[in-house]
Amino acid sequence: MPTPRLEKITPANLDAACELRIRPDQEHLVEPVARSLAEAYVWPGVAWPRLVYDGDDLVGFLMGFFRIPWSEDAPGDLRSGLWRLNIAADRQGRGYGRFAVRAVAEEARRRGERRIFTTWEPGGDGPEGFYLGLGFRPTGERSGGQTVGALDLPAQPDRGHPVAVS
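Asks: Got a sec to walk through unusual backbone geometry? Specific residues and values, please.
Replies: Look at Arg-67: it is not a glycine, yet its phi comes out positive at around 60°. Secondary-structure assignment places Arg-67 in strand 3 (residues 57–71).

This is the structure we're talking about:
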């Protein structure tokens, strides 16, 4: 089995990225890739969009964020973490989501971060169990109606799942 890898979005894979579809019952939980790419455009240097491939197959999309101003009330509160995660409907449950979160964590660690954040829609049909299972813990905050979770990063990278980034 090929090892998942990350690739930058390019003119050659842009259409495939925008055509990536999650399960219909999840569409209310996460924005489509095209919206994420628009946000990456207006947040250059902060947004870190990448495609997840397994061999030649596009299996997912992630977007990390690095040192984004978290709150207008606290301009010095700069945070990093996982902004978006879209795994193709027919590829879920195979470890690609865990791979994507580890990739963001490793990039954050490389940039000197010791904690990452993410948000999720509350409710039984949302991804809360997935994020809690990876070690994220709710901070008690809300962002855009979503639960904010934080994950402390170990000092050393997780060598159990290497991340090949192009």
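Asks: Give me the lowdown on the environment of Lys-8, citing residues and values where you can.
Replies: Within the secondary structure, Lys-8 sits in the loop between strand 1 (5–7) and helix 1 (14–19). Taking the C-alpha atoms as reference points, Lys-8 and Leu-51, separated by 43 residues in sequence, lie 6.3 Å from one another.

Asks: Summarise the packing of aromatic side chains; cite the residues concerned and give the values.
Replies: The tally for this structure, following the rule as stated, stands at seven aromatic pairs. Geometrically, the ring pair formed by Trp-48 and Phe-66 is edge-to-face, given 5.8 Å between the ring centres and 80° between the ring planes. A residue pair is termed long-range when its members are at least 10 positions apart, and Trp-48 in strand 2 (residues 47–54) and Phe-66 in strand 3 qualify at 18 residues. Owing to a relative accessible area of 6%, Trp-48 belongs among the buried residues under this scheme. Each ring, one from Trp-70 and one from Phe-117, has its centre 5.9 Å from the other, and the planes form 35°; the classification is tilted. In this pair, Trp-70 is assigned in strand 3 and Phe-117 in strand 5 (residues 115–120), connecting sequence segments 47 residues apart. Since its relative accessible area comes to 22%, Trp-70 is described here as partly exposed.

Asks: Pulling in residues and values, what's your account of a nonpolar patch on the surface?
Replies: On the surface, Tyr-41, Val-42 and Trp-43 cluster together into a nonpolar patch covering about 380 Å² of accessible area. Following the sequence through the fold, Tyr-41 ends up in helix 2 (residues 33–42).

Asks: Kindly report on the pairing of strand 6 (residues 137–143), identifying the contributing residues and their values.
Replies: Pairing of strand 6 with strand 7 (residues 146–152) involves four bridges; the strand directions are antiparallel. In the strand pairing of strand 7, Arg-142 is matched with Thr-147. Here strand 6 folds back onto strand 7, and the loop between the two strands holds two residues, one of which, Gly-144, carries a positive phi near 60°.

Cut-offs used in this document
Residues numbered from 1 in each chain as written. Predicted model: local features only at pLDDT ≥ 70, side-chain atom pairs only at ≥ 80, totals over all residues. Heavy atoms only, no water. Helix = DSSP H or I, 4+ residues; strand = E, 2+ residues; numbered from the N terminus. Phe/Tyr/Trp six-rings, centres within 6.5 Å; stacked < 30°, edge-to-face > 60°. Buried < 20%, exposed > 50% of the residue type's maximum accessible area, 1.4 Å probe, protein only. Patch = residues over 30% accessible without salt bridge, like charges linked within 9 Å, V, L, I, M, F, W, Y side chains within 5 Å. Areas by Shrake-Rupley, 256 points an atom, 1.4 Å probe, with all protein chains shown as cover. Salt bridge = Lys/Arg side-chain N within 4 Å of Asp/Glu carboxyl O. Pairing = 2+ DSSP bridges.

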